[in-house]
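What follows is each chain in one-letter form.
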Amino acid sequence: MADRRIVGAVLFPGFELLDIFGPLEMFGVLKQHFQLVTIAERAGNVPSAQGPSAVAERDFANCGHIDVLLLPGGIGTREQARNPAMLDFLNTIYPSLEYLASICTGSGVLAASGLLDGRRATSNKMAFAWPRSVSDRVHWIEQARWVEDGNIVTAGGVAAGIDMALALIARMHGDQVATGLANATEYEWHRDAEWDPFARLAGLI
């Protein structure tokens, strides 16, 4: 399985559980195609926003090669947007990535890193004001389930990350594989990146 892509999941104190573990479930079912690793500033236990900790297997300095990097949201993003270690890590690893993807308010951290400058991006609709306040150099899209701009993909809030993950899997391995995965996990995949009833609920449109 030497040709498997390595999917790195970034963890930080206060990360949102479903943001990261929803997409990881999708990638992780396809063991023939993907290997999952968890990464944090320091290896070891990392507490989530909901309380339970997850274990980071690798640290920023020794994360090795990564093909797809996933950055979740959560209340901890506010601190990470001011964390030089996180911002330096993102800028250092980005040139070697095939895809960089954020979920929820993780896009606010990407905005702080400068990697979204001049790009289209979205975020959690109920918390949209915060990432938008981080940078005015990003073309923020209020109504979108996820937004693809080159090899950087940003998802809306929490569960939207699963739809985004399936879209990325379809990019890499075809629609039939992604559809089969959605069916196997009994997930109703919203395939339209512009499907977004939550923007209206949040008063963004």
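Please read these numbers as outputs of a predicted model, since none were measured by experiment.

Caption draft 1: Just helix H6 (residues 160–173), in detail. For H6, with 14 residues, the first-to-last C-alpha span of 20 Å sits near the 20 Å given by 1.5 Å per residue. Burial analysis of H6 places 11 of its 14 residues in the buried class, which makes it a mostly covered element. Every buried residue belonging to H6 is among Ala160, Gly161, Ile162, Asp163, Met164, Ala165, Leu166, Ala167, Leu168, Ile169 and Met172, and all of these are buried. Of the residues one or two after H6, Gly174 is the one with positive phi, at around 95°.

Caption draft 2: Representation of the pairing of strand E6 (residues 68–71) in the model. Burial along E6 is two-sided: the residues Val68 and Leu70 and Leu69 and Leu71 are all buried. Bridging between strand E1 (residues 5–10) and E6 involves three bridges; their strand directions are parallel. Across the sheet, the residue bridging to Gly8 is Leu69, located in E6. Pairing analysis gives four bridges linking E6 to strand E7 (residues 99–102), with the strands arranged parallel.

Caption draft 3: Representation of the packing of helix H1 (residues 17–29) against H6 in the model. Their axes nearest at 8 Å, the elements H1 and H6 cross at an angle of 30°. Overall, the two elements H1 and H6 adopt an arrangement that is roughly parallel. Viewed along their axes, H1 and H6 form a crossing whose handedness is right-handed. Between H1 and H6, the residues in contact are Leu18, Gly22, Pro23, Met26 and Phe27 and Gly161, Ile162, Ala165, Leu166, Leu168, Ile169 and Met172, respectively. In terms of residue class, the contact of H1 with H6 is made up of 10 nonpolar, two polar and no charged.

Caption draft 4: Region of interest: helix H7 (residues 175–184). Within the sequence span of H7, burial applies to Ala178, Leu181 and Ala182. In an axial view of H7, the angular spread of the buried residues amounts to 100°, which keeps them on one side of the axis. Seen from the open side of H7, the exposed residues pointing more than 90 degrees away from its buried face are Gln176, Asn183 and Ala184. Check the buried side of H7 and you find it contacts H1 and H6. Glu186 sits one or two positions beyond H7 and adopts a positive phi of about 55°.

Caption draft 5: Highlighting the environment of Lys31. Structurally, Lys31 is set in the loop between H1 and strand E2 (34–40). Along the primary structure Lys31 and Arg4 are separated by 27 residues, whereas in three dimensions their C-alpha atoms are 8.1 Å apart.

Caption draft 6: Inspection of the nonpolar core at higher detail. Counting 65 residues, the largest nonpolar core has Phe27, Ile66, Leu69, Leu70, Phe89 and Leu90 as the members making the most contacts within it. Ranked by the residues each element gives to this core, the list is headed by H6, at nine residues. When sequence neighbours within four positions are dropped, the list of residues in contact with Leu69 reads Gly8, Val10, Ile39, Phe89, Leu90, Ile93, Leu97, Tyr99, Leu100 and Ala101.

Caption draft 7: Main features of unusual backbone geometry. The backbone phi angle of Cys104 is positive, close to 60°, even though this residue is not glycine. Its place among the elements puts Cys104 in the loop between E7 and helix H4 (106–113). Judged by relative accessible area, Cys104 falls into the buried class, the value being 4%. The backbone phi angle of Glu186 is positive, close to 55°, even though this residue is not glycine. Note on placement: Glu186 falls in the loop between H7 and helix H8 (198–201). A relative accessible area of 75% places Glu186 in the exposed class.

Definitions and limits used
Residues numbered from 1 in each chain as written. Predicted model: local features only at pLDDT ≥ 70, side-chain atom pairs only at ≥ 80, totals over all residues. Heavy atoms only, no water. Helix = DSSP H or I, 4+ residues; strand = E, 2+ residues; numbered from the N terminus. Expected span 1.5 Å × (residues − 1). Buried < 20%, exposed > 50% of the residue type's maximum accessible area, 1.4 Å probe, protein only. Pairing = 2+ DSSP bridges. Axes fitted to C-alpha atoms, helices over the stretch in contact; angles between N-to-C directions. Parallel < 35°, antiparallel > 145°, perpendicular 65-115°, else oblique. Left-handed = near helix turned anticlockwise from the far one by under 90°. Contact = heavy atoms within 4.5 Å. Nonpolar A, V, L, I, M, F, W, Y, C, P; charged D, E, K, R; others polar. Arc of directions from axis to C-beta. Core = buried A, V, L, I, M, F, W, Y, C linked by side-chain atoms within 4.5 Å.

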